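What follows is the residue order along each chain.
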Amino acid sequence: MKLHFYGGARWVTGANYLLETKQTKILVDCGLFQGGRDARKMNQKEFPYDPSKIEAVLVTHAHIDHIGRLPYLVKKGFKGKIFATKPTKDFARAMLFDAEEINYEINKTTGKESFYNKSDVEKTLGLFQGIDYGEKMKLNDNISFCFRDAGHVLGSAIIEVWAEKQKIVFSGDLGNPPVPILKPTEFIKEADYVLVESTYGDRIHEDKKQRKDLLEDAVENTITRGGTLLIPSFALERTQEILYELNELVENHRIPHVPIFLDSPLAIKLTEIYRKYPEYFNQEAFSLIKSGDKLFEFPGFKMTRTVAESKQISQVNPPKIIIAGSGMSTGGRIMHHEIKYLSDSKNTFLIICYQVPGTLGRKILDGAEKVKIFRQEIPNKIQIRAIGGYSAHADQKALCYWVRQMKDSLKKVFIVQGEEKPAMTLSSHIKDHLGLPTEVPKTGQIFEL
Ligand SMILES: [Zn+2]
């Protein structure tokens, strides 16, 4: 059998792996490449295989760098089934339509045609089949698979695949437990081959225990100054984790009641989906719900869906808290709030997401004197705070520990979904500490298993 790497190879994004047995071909993930102009070109390229010959796609989770090219795959002839957990299936609808809209807006300005449209998205969603964790599925006489909890975002999965008497494990993205809401990452006890992510393959995370106190402090400090607390946030998972923490802080009277706005149509849609799946939550969050607490409903909290409601936020007197996307200030409603609030030192800019160099969020974080937003120069005088403890990815220690559980049976470890440096660092670390053979595949590389 052969394993092909067509994305997520020496790159964080674009996850796309093809498993080829004598009888069939399946894919694991079909994600969008992100970051820069190169990514846009790669997304629009033809697939290096015939999509009509693929029997099924197994999807690890709903982040766009894992599902974003599925509509393009369908447009190019894929007619098989797409397997995902039930929350992932629901999130995919919101995420893919949102991505299509962003793409459409970008292409409108450049006059180019989008590489897929709404009807491709609708066709794609029709192919999804939602399954539960731990359910062993038989695709055909040749291939079986099972989804396990990855603890990265709600519904995220590690996928075990059995084919031709061998077992391959695809890590997807692995979480950074303990986190609010989610269950911890599951360990897999044995496999012949594993593909492990390496986003933070060269990093050890800062302590997580402090993060809630730091959040409380940022809120209190802004309230004392009578300012506005701006929190740019990723729509899936990070936003719901922050809401969970704010819910607790408000209900335990650790922070005063102030207006708290969730100003992101995508994050609002995703939050509604969270409400449907309490059985996927960890024990603490599940017990809270059982005791009658509505996690995403608490005094002062308001979701602003429409543009008119969003504009109303500026009429509300401070102190107040605004959570909006995008997480790196590269688009979305957060930019309108930045125009309004960046120039006043009474306000606070709270970073809870990783900021890629070159993004507006990173420039603000790094203390640029002025920033340009929608052709306006805005003085950057806002107070800046950052909490690193909310990372959604396992660090080097956790990745290595996760691989270690399969150590005795592993023939090879493939390091994926990381930039070259973290991937190579994790590779040497696993070789040195676990004594296992590793590969850091390049795009297009094929391995015989
Ligand atoms: Zn992810």
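In what follows, the structure referred to is the one given above.
Computed from a predicted structure; not experimentally measured. (Residues numbered from 1 in each chain as written. Predicted model: local features only at pLDDT ≥ 70, side-chain atom pairs only at ≥ 80, totals over all residues. Heavy atoms only, no water.)

A.B. asks: When you look at helix H5 (residues 118-125) in this model, what are you seeing that I'm missing?
C.D. replies: Spacing of three or four residues puts side chains on the same side of an α-helix, whose turn is 3.6 residues. Here H5 has its buried residues at Asp120, Val121, Thr124 and Leu125. Axial view of H5: buried residues confined to an arc of 135 degrees, hence all on one face. Looking at the packing, one finds that the buried side of H5 touches helix H3 (70-75), strand E5 (81-85), helix H4 (86-110) and strand E6 (128-131). Capping the start of H5, Asn117 holds a side-chain oxygen 3.1 Å from the backbone nitrogen of Ser119, two or three residues further along. (Buried < 20%, exposed > 50% of the residue type's maximum accessible area, 1.4 Å probe, protein only. Helix = DSSP H or I, 4+ residues; strand = E, 2+ residues; numbered from the N terminus. Arc of directions from axis to C-beta. Contact = heavy atoms within 4.5 Å. Polar contact = N/O pair within 3.5 Å; in protein donor to acceptor, adjacent residues only side chain to side chain.)

A.B. asks: Is there a simple way to explain the coordination of the zinc ion in this structure?
C.D. replies: Reference values for angles at a metal are 109.5 degrees in the four-donor tetrahedral case and 90 or 180 degrees in the six-donor octahedral case. At 2.2 to 2.3 Å from the zinc ion lie its protein donor atoms, namely His61 (NE2), His63 (ND1), His152 (NE2) and Asp173 (OD). Read from N- to C-terminus, the donor residues coordinating the zinc ion fall into the pattern H-x1-H-x88-H-x20-D. With His63 in the loop between strand E4 (56-58) and helix H2 (64-67) and Asp173 in the loop between strand E10 (166-170) and strand E11 (193-197), the pair connects residues that are 110 residues apart, well separated along the chain. As far as burial versus exposure is concerned, His63 and Asp173 are alike and both buried. (Donors = N, O, S within 2.8 Å, 3.2 Å for Na, K, Ca; no water.)

A.B. asks: Even after reading the chapter, I still don't get the pairing of strand E16 (residues 348-351), so can you show me in this structure?
C.D. replies: Going residue by residue along E16, you find Thr348 and Leu350 tucked away on one face and Phe349 and Ile351 tucked away on the opposite face as well. Here E16 pairs with strand E19 (residues 383-386) via four bridges, running parallel. By the bridge assignment, Ile351 is partnered in E19 with Ala386. (Pairing = 2+ DSSP bridges.)

A.B. asks: How should the nonpolar core be read in this particular structure?
C.D. replies: If you look at soluble globular proteins, the nonpolar side chains tend to sit buried side by side. One finds Leu70, Leu73, Leu154, Leu246, Ile260, Leu270 and Ile323 to be the most contacted residues of the largest nonpolar core, which totals 77 residues. Considering each element in turn, this core owes the most residues, seven residues, to H4. Each residue touching Leu270, except ones within four places of it in the same chain, is listed here: Phe91, Ala94, Met95, Ala235, Leu236 and Gln240. Core analysis: the second largest hydrophobic core is formed by 30 residues, Leu3, Val161, Tyr193 and Val416 among them. (Core = buried A, V, L, I, M, F, W, Y, C linked by side-chain atoms within 4.5 Å.)

A.B. asks: Would you explain the sheet that holds strand E13 (residues 260-262) in this entry?
C.D. replies: Whenever strands of a sheet pair, they do so through backbone hydrogen bonds, lying parallel or antiparallel. Sheet architecture is open: six strands sit in the order E14-E13-E15-E12-E16-E19, paired in parallel fashion. Strands at the two margins of the open sheet, each flanked by one partner only, are strand E14 (301-303) and E19. Across the sheet, the mean angle from the axis of one strand to that of its neighbour is 20 degrees, orientation sign disregarded. Bridging between E13 and strand E15 (residues 320-324) involves three bridges; their strand directions are parallel. Residue pairing for E15: Phe261 is matched across the bridge by Ile322. Contacting strand E12 (228-232), E15, E16 and E19, helix H6 (residues 211-224) crosses the sheet at an angle of about 145 degrees to E12. (Axes fitted to C-alpha atoms, helices over the stretch in contact; angles between N-to-C directions.)

A.B. asks: Is there a simple way to think about the packing of aromatic side chains in this case?
C.D. replies: Remark: the centre distance and the inter-plane angle together describe each pair of aromatic rings, the angle taken between the planes. Going through the model one piece at a time under the given rule, you end up with 22 aromatic pairs. Judged by centre distance (5.5 Å) and plane angle (40 degrees), the ring pair of Tyr6 and Tyr49 falls under tilted. Taken together, the positions of Tyr6 in strand E1 (residues 2-7) and Tyr49 in the loop between helix H1 (36-44) and E4 put the pair 43 residues apart, joining distant regions of the chain. For the pair formed by Tyr6 and Tyr49, the shared burial category is buried. Between Trp11 and Phe33, the ring centres sit 5.2 Å apart and the planes meet at 45 degrees, which makes this aromatic pair tilted. Remark: Phe33 occurs in the loop between strand E3 (25-28) and H1 and Trp11 occurs in the loop between E1 and strand E2 (16-20); sequence separation between them is 22 residues. Overall, the relative accessible area of 5% leaves Phe33 in the buried class. The rings of Phe5, Tyr17, Phe170, Tyr193, Phe414 and Phe447 are connected pair by pair, giving a single aromatic cluster. Lying across the ring of Trp162, Lys136 places its NZ or CZ 3.9 Å from the centre. Positioned over the ring face of Tyr341 is Lys340, at 5.8 Å from the centre of the ring. (Phe/Tyr/Trp six-rings, centres within 6.5 Å; stacked < 30°, edge-to-face > 60°. Lys NZ or Arg CZ within 6 Å of the ring centre and 35° of its normal.)

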